[in-house]
Amino acid sequence: GDPIIDAAKAEGLVGERIDGYLGIVSDVDPSIKRKVDEVNAGRRSVYSDLASQQGQSLEDVARVSGLKLVERAESGEYVYDDSNRWVAKP
């Protein structure tokens, strides 16, 4: 992972969303916001390629990845799941 993103996750500023993208949990400085946008753009491109290969929608592919990413989050990191709110992983 990206060291800036990993540190922001550990601090509870950034977390994984069930839709497959990183989300901002609380106010972050612009450099972290830029990094989140960068990572999400990269993910979107990967999801898009997978979606066309598999004949699925971008959203479906992103959500399958999102489920895995939320599941793999470390204890104490924030995730945005089907509860529609940020929760810390136990």
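Attention in this report is confined to the structure presented alongside it. Model, not experiment: these values are computed from the prediction.

## Observations regarding the overall build of the protein
Within the protein, the regular secondary structure consists of 3 helices and 4 strands. Along the protein, helices (α) and strands (β) appear in the sequence α-β-β-α-α-β-β when read from the amino end. In terms of overall dimensions, the protein is globule-like: its C-alpha atoms have a radius of gyration of 13 Å, near the 12 Å expected for 90 residues. Its C-alpha atoms put the protein at 40 × 25 × 20 Å along the principal axes. Out of the 90 residues in the protein, the part that is buried amounts to 34%. Summarising the internal contacts of the protein: among those between residues at least 6 apart in sequence, 38% fall at separations of at least 24. Working note: accessible area of the protein is about 5400 Å², and carbon and sulfur atoms make up 50% of it. Mean positive and mean negative side-chain charge positions of the protein (12 and 17 charges, respectively) differ by 2 Å.

## Focus on helix α2 (residues 30–54)
The first and last C-alpha atoms of α2 sit 36 Å apart over 25 residues, in line with the 36 Å expected at 1.5 Å per residue. Here α2 has its buried residues at Ile32, Lys35, Val36, Asn40, Arg43, Tyr47 and Ala51. Buried-residue contacts for α2 involve α1 (3–10), β1 (14–17), β2 (22–24) and α3 (58–72). In the stretch just after α2, Gly55 is the one whose phi turns positive, near 65°.

## Overview of α3
A rise of 1.5 Å per residue sets the reference length of α3, with its 15 residues, at 21 Å; its end C-alpha atoms lie 21 Å apart and thus fit the reference within 8%. The complete set of buried residues in α3 reads Leu58, Val61, Ala62, Ser65, Gly66 and Val70. Buried residues along α3 cover an arc of 165° about the axis, so they all sit on one side. If you follow the buried residues of α3, they end up packed against β1, α2 and β3 (78–80).

## With respect to the sheet that holds β3
Pairing in this open sheet of 4 strands is mixed, and the strands run β2-β1-β3-β4 from one edge to the other. Two strands lie at the open edges of the sheet, namely β2 and β4 (86–88), each paired on one side alone. For this sheet, the mean angle separating the axes of adjacent strands, direction not counted, is 40°. Relative to the sheet, α2 contacts β1 and β2, its axis offset from that of β2 by approximately 155°.

## What to know about the packing of aromatic side chains
Considering all chains together, one arrives at 2 aromatic pairs under this definition. Their ring planes at 70° and their centres at 5.2 Å tell us that Tyr80 and Trp86 sit as a pair that is edge-to-face. We classify Tyr80 as partly exposed; its relative accessible area is 22%. The ring of Tyr80 has Arg17 lying over it, and the distance from NZ or CZ to the ring centre is 4.9 Å.

Criteria and thresholds
Residues numbered from 1 in each chain as written. Predicted model: local features only at pLDDT ≥ 70, side-chain atom pairs only at ≥ 80, totals over all residues. Heavy atoms only, no water. Helix = DSSP H or I, 4+ residues; strand = E, 2+ residues; numbered from the N terminus. Rg over C-alpha atoms; globule rule 2.2 N^0.38 Å. Buried < 20%, exposed > 50% of the residue type's maximum accessible area, 1.4 Å probe, protein only. Contact = heavy atoms within 4.5 Å. Areas by Shrake-Rupley, 256 points an atom, 1.4 Å probe, with all protein chains shown as cover. Lys, Arg positive; Asp, Glu negative; His and termini not counted. Charge placed at Lys NZ, Arg CZ, Asp CG, Glu CD. Expected span 1.5 Å × (residues − 1). Arc of directions from axis to C-beta. Pairing = 2+ DSSP bridges. Axes fitted to C-alpha atoms, helices over the stretch in contact; angles between N-to-C directions. Phe/Tyr/Trp six-rings, centres within 6.5 Å; stacked < 30°, edge-to-face > 60°. Lys NZ or Arg CZ within 6 Å of the ring centre and 35° of its normal.

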